[in-house]
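# Analysis of the macromolecular model
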Amino acid sequence: ASELTETVSDGVYSYATTCNVSDLEIEDNNPVSFKFDLNDQAGNETYHLDYESTKISVIYQAPIELSETSIISSNDNDKYLAKDGNYITVEFETTHPVNIVSATVAGNDLTLKSRDNDKMHWSGTYLVTNNIVSDNGKINVKVEVGDDSGNDNVVLSSDDIMYYAPLTVSSATISTD
């Protein structure tokens, strides 16, 4: 149900209404249609105001949901193992445009780009370098997204990829009998 409030300032009447969109069946990232008929006590002609005639665009954005999420390494042996020179690829999709609040790989900045600038299909790659984390350590990947509607931010996080530093030999002993 909607509520109509009236304010008067210097003889000018203003009206505002609110509507709880959770009570409506609107798909994410779609316009909220509306229709108002305004009339007065004197019987002036009714003024019709609606979405189609005004093209006032109010877009409903549901709480943020991530889908098609993928955080993998380019390692040939196992997508959850990484060595120097491998790439970590992060990909995800949303049902409406979002903004990247922060994105990191092992605490280092990760640049994410949206396909066709739609802000709904995101991907980014990060080059693994020596000592990104300690040898046999987990590489933490964290991405936080938000939207223009003020929905709660959502965090995509993983530490499924393990880093293997280059092999080194610190000492070797060769003996003969």
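Everything here concerns the structure above.
Residues numbered from 1 in each chain as written. Predicted model: local features only at pLDDT ≥ 70, side-chain atom pairs only at ≥ 80, totals over all residues. Heavy atoms only, no water.

As a further point, take the overall build of the chain. Within the chain one finds one helix and 15 strands. Taking 2.2 N^0.38 as the reference for a compact globule, 177 residues should give roughly 16 Å; the C-alpha atoms of the chain span a radius of gyration of 27 Å, well beyond that estimate. Seen along its three principal axes, the alpha-carbon backbone of the chain occupies a region of about 115 × 30 × 25 Å. When each of the 177 residues of the chain is scored for burial, the buried share is 25%. Considering only contacts within the chain whose residues lie at least 6 apart along the sequence, 57% involve residues at least 24 apart. Of the roughly 12,400 Å² that the chain leaves accessible, carbon and sulfur atoms contribute 45%. One way to put it: in the chain the 9 positive side-chain charges average out to a point 8 Å from where the 30 negative ones average out. (Helix = DSSP H or I, 4+ residues; strand = E, 2+ residues; numbered from the N terminus. Rg over C-alpha atoms; globule rule 2.2 N^0.38 Å. Buried < 20%, exposed > 50% of the residue type's maximum accessible area, 1.4 Å probe, protein only. Contact = heavy atoms within 4.5 Å. Areas by Shrake-Rupley, 256 points an atom, 1.4 Å probe, with all protein chains shown as cover. Lys, Arg positive; Asp, Glu negative; His and termini not counted. Charge placed at Lys NZ, Arg CZ, Asp CG, Glu CD.)

Let us now look at the environment of threonine 54. Residue placement: threonine 54 occurs in helix α1 (residues 51-54). Discounting chain neighbours no more than four positions away, the residues touching threonine 54 are Phe34 and Leu49.

Moving on: unusual backbone geometry. Despite not being glycine, alanine 106 has its phi angle at roughly 50°, a positive value. Structurally, alanine 106 is set in the loop between β10 (99-105) and β11 (108-109). Of note, the phi angle at asparagine 131 is positive, near 65°, even though the residue is not glycine.

To continue, consider the side chain of serine 73. Along the polypeptide, serine 73 turns up in strand β7 (residues 66-73). Take serine 73: its relative accessible area is 6%, and that puts it in the buried class. Of note is the side chain of serine 73, whose polar atom sits 3.1 Å from the backbone nitrogen of asparagine 75. Excluding anything up to four places from it in sequence, serine 73 contacts Lys79, Leu81, Ala82, Asn86, Tyr87, Ile88 and Ile161. (Polar contact = N/O pair within 3.5 Å; in protein donor to acceptor, adjacent residues only side chain to side chain.)

Our focus in this paragraph is the layout of surface pockets. Over the atoms, a rolled probe matching the size of one water molecule traces out where space is still vacant. In this structure, the second largest pocket occupies an estimated 200 Å³ of space. In terms of lining, the second largest pocket is formed by Leu4, Tyr15, Asp37, Leu38, Asn39, Asp40, Asn44 and Glu45. (1 Å grid on protein atoms, 1.4 Å probe; cavity = no way out; pocket = protein on both sides within 12 Å on 5 of 7 lines; lining within 4 Å. Points joined across faces, edges and corners; volume = space filled by probe spheres on them.)

Moving on: the packing of aromatic side chains. In this description, an aromatic ring pair is defined by two values, namely the gap between the centres and the angle between the planes. Under the criterion given, the structure shown has one aromatic pair. With a centroid separation of 6.5 Å and 20° between ring planes, the pair formed by phenylalanine 92 and tryptophan 122 is classed as stacked. In this pair, phenylalanine 92 sits in strand β9 (residues 87-94) while tryptophan 122 sits in strand β13 (residues 121-127), placing the two residues 30 residues apart along the sequence. There is no split in this pair, since phenylalanine 92 and tryptophan 122 are both buried. (Phe/Tyr/Trp six-rings, centres within 6.5 Å; stacked < 30°, edge-to-face > 60°.)

Turning our eyes to something else, we now look at the pairing of strand β14 (residues 138-146). A regular strand carries its side chains on alternate faces of the sheet. By the bridge criterion, six bridges tie β10 to β14 in an arrangement that is antiparallel. For asparagine 99, the partnering residue across the bridge sits in β14 and is glycine 146. Relative to strand β15 (residues 154-163), β14 is paired through seven bridges, and the arrangement is antiparallel. Considered in β15, the bridge of lysine 138 is made with methionine 162. (Pairing = 2+ DSSP bridges.)

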